[in-house]
Amino acid sequence: MASKPGILTDWPWKRLGSFKYVVLAPWVIHSIYSYTVKDENERDFSNLLIFPFLLSRMLHNQIWITLSRYRTAKGNNRILDKSIEFEQVDRERNWDDQILFNGTLFYLANMTIPGAGRLLIWRTDGVITTILLHIGPVEFLYYWLHRALHHHYLYSRYHSHHHSSIVTEPITSVIHPFAEHIAYFLLFAIPMLTTTLTGTASIVSLVGYITYIDWMNNMGHCNFELIPKRLFFIFPFLKYLMYTPSFHSLHHTQFRTNYSLFMPIYDYIYDTMDKSTDTLYKTSLHREEESPDVVHLTHLTTPESIYHLRLGFASLASRPHTSKWYLWVMWPVTIWSMMVTRIYGRTFVVERNIFKNLKLQTWAIPKYNIQYSMRWQRESINSLIEEAILEAEDRGIKVLSLGLLNQGEELNRNGELYIRRRPQLKVKVVDGSSLAVAVVLNSIPKGTTQVLLRGHLSKVAYSIAFALCQMGIQVATLHKDDHDKLKTNLGTEAATNLVLSKSSAQRTWLVGDGLSEEEQVKASKGTFFIPFSQFPPKKTRKDCFYYNTPAMLTPKHLENVDSCENWLPRRVMSAWRIAGIVHALEGWDGHECGDMMLNVDKIWQASLQHGFHPLMMSTDSKP
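Residues numbered from 1 in each chain as written. Predicted model: local features only at pLDDT ≥ 70, side-chain atom pairs only at ≥ 80, totals over all residues. Heavy atoms only, no water.

- Taking an unreviewed UniProt entry as the reference, the protein is identified by name as Protein ECERIFERUM 1-like belonging to Davidia involucrata.
- Comment text from UniProt for the protein, heading Subcellular location (unreviewed entry), reads "Membrane".
- Under the UniProt heading Sequence similarities (unreviewed entry), the note attached to the protein is "Belongs to the sterol desaturase family." (UniProt positions renumbered as here; feature names shortened; annotations may be inferred.)

Structure below.
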């Protein structure tokens, strides 16, 4: 929002929220109906093409968003290092409003303007006219409109909303108040209206022109440099006719330079070209890929989780992962994305963060949660994890945390497999179990004398049971097999506090993977469900309390946080991920994987000292 919002700031359909897309429904229905019922000689293919074209524009923008976030996370050719936070993501959430606006006007024009319907596929004179009108009137008028928008009166009421984003993403290009979009459309309509009224318009000239505008807008705000230097060497005059991402990035940091739309010629003419434009271009172009200090290694969970990644849909990634009904409609895209990840078959960078002096990255391997239960997939999964560890070793990375990849003994013995194969590893492999144990122990309500342990037993479960027994808190199980396993693992002294229970009346349940809905039904009203696994149980009881999976609230100096970690709330990080950061901050020597555990109290206190805070229970389920 601008600092002093002017008239026509909000979009007309703002109150519709997610139902805003119904604005186009009458036009789309009419377009399909008229094309279907009319005779072949009367059908208007150009009208029918409007809706698919709008969808293609959304896909075009999304590809740029994904590419930009991937490249800026890797770091090569990145222009600005400043962070993007949730505030910016929320402000830029409705980037498709301008497509709805344009679509409505396209349909109106097609119905009301003579010559706007039943267009030819190609007309050379129309294409040439469009190019000349853009280079001349459009670029010239935009330059002076843009300078006018930087006058304090218009800037405070309108254009400051766009400039709230110092570090830009492709979608930043269309984040303007409604009134600005009206002005921009009138400007870009000059070539389209001229060719339409003179009878020289064609589908290629109109679609090509809008696609050119989208491409250049997205490119100019992508925050990584991609225009090769040789292009300007071979064609020196191009520097007047084509801007670069670094050119427009300077406009967002300096505000009073580089006003041109896509062609810097008018900045040269009116002496508003930023003096550091060439320097920033060369610096960004030669910038190498960033080497982090700590890497968090994770994987995809469900097929639809690809949309919740930071590289996916920004609006979904900025919220805790929940299933959305409309994602089922996108099953063809989902299947396509699964095929791409299968073919690509390599670990990829998802996110970058900065914590104090540490550079952090999150890497994902292209495997889904269900594949971890398939025996024939184990070799492939272990190979990908080992390749990631070796890459971290080659790049001099200090710590690699296994995150969701720590799937138990059957897969890789909690990471011990890799240490045995590579005993000389300098990179420290951390599974984060000790901090997960610490978080669970400190989540148990004070005064608790007995807990019920449910779900599949794991390294974390055994460690929690051992710690509770030593603290004098009884650990109850419902099945003799679980009781016997715990008794064998914990030893005689600690096992005195193990209880084989016939009741599910305990107020505190410590739950892992495999907890069924039927078991939750047996819990007493007001029961606390505290997960010790990395995946949360399905919440079936509205009269009980559900805690988050082991996690902590991050301090404010964790930078570039604009997405949620799976199902966790904003600025909350899993214990397994935090453990790798704390390990590096403390400079601890040694791995934490296999049967190895750090001192639980030591890592808990270290986490608190570095600014991480305990979480309270989830607030979305209360008795």
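On we go from here.
## Comments concerning the overall build of the protein
Inference 1: Helix and strand content of the protein: 25 helices and 15 strands.
Inference 2: Contacts in the protein between residues at least 24 apart in sequence constitute 71% of all its contacts with a sequence separation of at least 6.
Inference 3: Taken as a whole, the protein presents about 29,100 Å² of accessible surface, with 60% of it coming from carbon and sulfur.
Inference 4: The average position of the 64 basic charges and that of the 56 acidic charges among the side chains of the protein differ by 3 Å. (Helix = DSSP H or I, 4+ residues; strand = E, 2+ residues; numbered from the N terminus. Contact = heavy atoms within 4.5 Å. Areas by Shrake-Rupley, 256 points an atom, 1.4 Å probe, with all protein chains shown as cover. Lys, Arg positive; Asp, Glu negative; His and termini not counted. Charge placed at Lys NZ, Arg CZ, Asp CG, Glu CD.)

## Observations regarding the pairing of strand 2 (residues 348-355)
Inference 1: Extensive coverage of strand 2 is indicated by the burial of 7 of its 8 residues.
Inference 2: Relative to strand 3 (residues 358-365), strand 2 runs antiparallel, the two being bridged by 7 bridges. Counterpart to Glu-351 in the pairing with strand 3 is Thr-362.
Inference 3: If you look at the hairpin formed by strand 2 and strand 3, you'll find 2 residues sitting between the two strands, and Lys-356 has a positive phi there, around 55°.
Inference 4: In this structure, strand 2 lies alongside strand 13 (residues 558-559), joined through 2 bridges in antiparallel fashion. Bridge assignment links Ile-354 to a residue of strand 13, and that residue is Glu-559. (Buried < 20%, exposed > 50% of the residue type's maximum accessible area, 1.4 Å probe, protein only. Pairing = 2+ DSSP bridges.)

## Some words on the packing of helix 20 (residues 433-441) against helix 25 (residues 600-609)
Inference 1: Where helix 20 meets helix 25, the closest approach of the two axes is 8 Å, and the angle between their N-to-C directions is 80°. Overall, the two elements helix 20 and helix 25 adopt an arrangement that is roughly perpendicular. When helix 20 is examined against helix 25, the residues Ser-434, Leu-435, Val-437, Ala-438, Val-439 and Leu-441 are found in contact with a partner set consisting of Val-600, Ile-603, Trp-604 and Ser-607.
Inference 2: The class makeup of the residues in the contact of helix 20 with helix 25 is 8 nonpolar, 2 polar and no charged. (Axes fitted to C-alpha atoms, helices over the stretch in contact; angles between N-to-C directions. Parallel < 35°, antiparallel > 145°, perpendicular 65-115°, else oblique. Nonpolar A, V, L, I, M, F, W, Y, C, P; charged D, E, K, R; others polar.)

## With respect to the environment of Val-349
Inference 1: For Val-349, the location among the structural elements is in strand 2.
Inference 2: Other than its neighbours up to four places away in sequence, Val-349 contacts Tyr-70, Ala-73, Lys-74, Leu-311, Gln-361, Thr-362 and Trp-363.

## As for a nonpolar patch on the surface
Inference 1: Residues Ile-131, Ile-135, Phe-233, Ile-234, Phe-235, Phe-237, Tyr-240, Leu-241 and Tyr-268 make up a contiguous nonpolar surface patch of roughly 860 Å² in combined accessible area.
Inference 2: Listed by contribution, the elements that provide at least two residues to the nonpolar patch are helix 6 (124-149) and helix 10 (229-234).
Inference 3: Topologically, Tyr-268 is positioned in helix 12 (residues 265-269). (Patch = residues over 30% accessible without salt bridge, like charges linked within 9 Å, V, L, I, M, F, W, Y side chains within 5 Å. Salt bridge = Lys/Arg side-chain N within 4 Å of Asp/Glu carboxyl O.)

## Some thoughts on the pattern of salt bridges
Inference 1: A complete count under the given rule lists 30 salt bridges for this structure.
Inference 2: Glu-391 is the partner of Arg-395 in a salt bridge, and the nearest nitrogen-oxygen pair spans 3.2 Å.
Inference 3: In this structure Arg-395 comes out as partly exposed when scored by relative accessible area, which is 21%.
Inference 4: Glu-391 gets classed as partly exposed once you look at its relative accessible area, which sits at 35%.

## Digging into the packing of helix 20 against helix 21 (residues 459-470)
Inference 1: Taken N-terminus to C-terminus, the directions of helix 20 and helix 21 make an angle of 50°; their axes are 9 Å apart at the nearest point. In terms of their interaxial angle, helix 20 and helix 21 are classed as oblique. In the packing of helix 20 onto helix 21, the handedness of the crossing is right-handed. Across from Ser-433, Ala-436, Val-437, Val-440 and Leu-441 in helix 20, the residues of helix 21 making contact are Lys-459, Val-460, Ser-463, Ile-464, Ala-467 and Leu-468.
Inference 2: Split by residue class, the contact of helix 20 with helix 21 holds 8 nonpolar, 2 polar and 1 charged. (Left-handed = near helix turned anticlockwise from the far one by under 90°.)

## Some words on the UniProt feature "domain: Very-long-chain aldehyde decarbonylase CER1-like C-terminal" (unreviewed entry) in the protein
Inference 1: On the UniProt side, "domain: Very-long-chain aldehyde decarbonylase CER1-like C-terminal" (unreviewed entry) is annotated at positions that read residues 451-614 here.
Inference 2: Secondary structure content for residues 451-614 is 30% helix and 19% strand, while the C-alpha to C-alpha distance between its ends is 20 Å.

## With respect to the sheet that holds strand 1 (residues 294-299)
Inference 1: What the 6 strands build is an open sheet, ordered 5-4-1-3-2-13; its pairing is mixed. On the outer flanks of this sheet lie strand 5 (428-430) and strand 13, each paired with one strand and no other.
Inference 2: One ladder, built from 3 bridges, connects strand 1 with strand 4 (residues 399-401); its direction is parallel. The residue of strand 4 that forms the bridge with Val-294 is Val-399.

## Concerning the UniProt feature "transmembrane region" (unreviewed entry) in the protein
Inference 1: Look at the UniProt record and you will see "transmembrane region" (unreviewed entry) annotated at residues 182-210 and 231-250.
Inference 2: The distance from the first to the last C-alpha atom of residues 182-210 is 15 Å, and the span holds 83% helix and 0% strand.
Inference 3: When the span residues 231-250 is considered, its composition is 50% helix and 0% strand, and the gap between its end C-alpha atoms is 21 Å.

## A closer look at the side chain of Asn-102
Inference 1: With respect to the element layout, Asn-102 can be found in helix 5 (residues 97-112).
Inference 2: Look at Asn-102 and you get buried, because its relative accessible area is 9%.
Inference 3: At 3.1 Å, the side chain of Asn-102 forms a polar contact with the side chain of Arg-57.
Inference 4: If near-sequence neighbours (up to four positions away) are discounted, Asn-102 is found in contact with Arg-57 and Phe-185. (Polar contact = N/O pair within 3.5 Å; in protein donor to acceptor, adjacent residues only side chain to side chain.)

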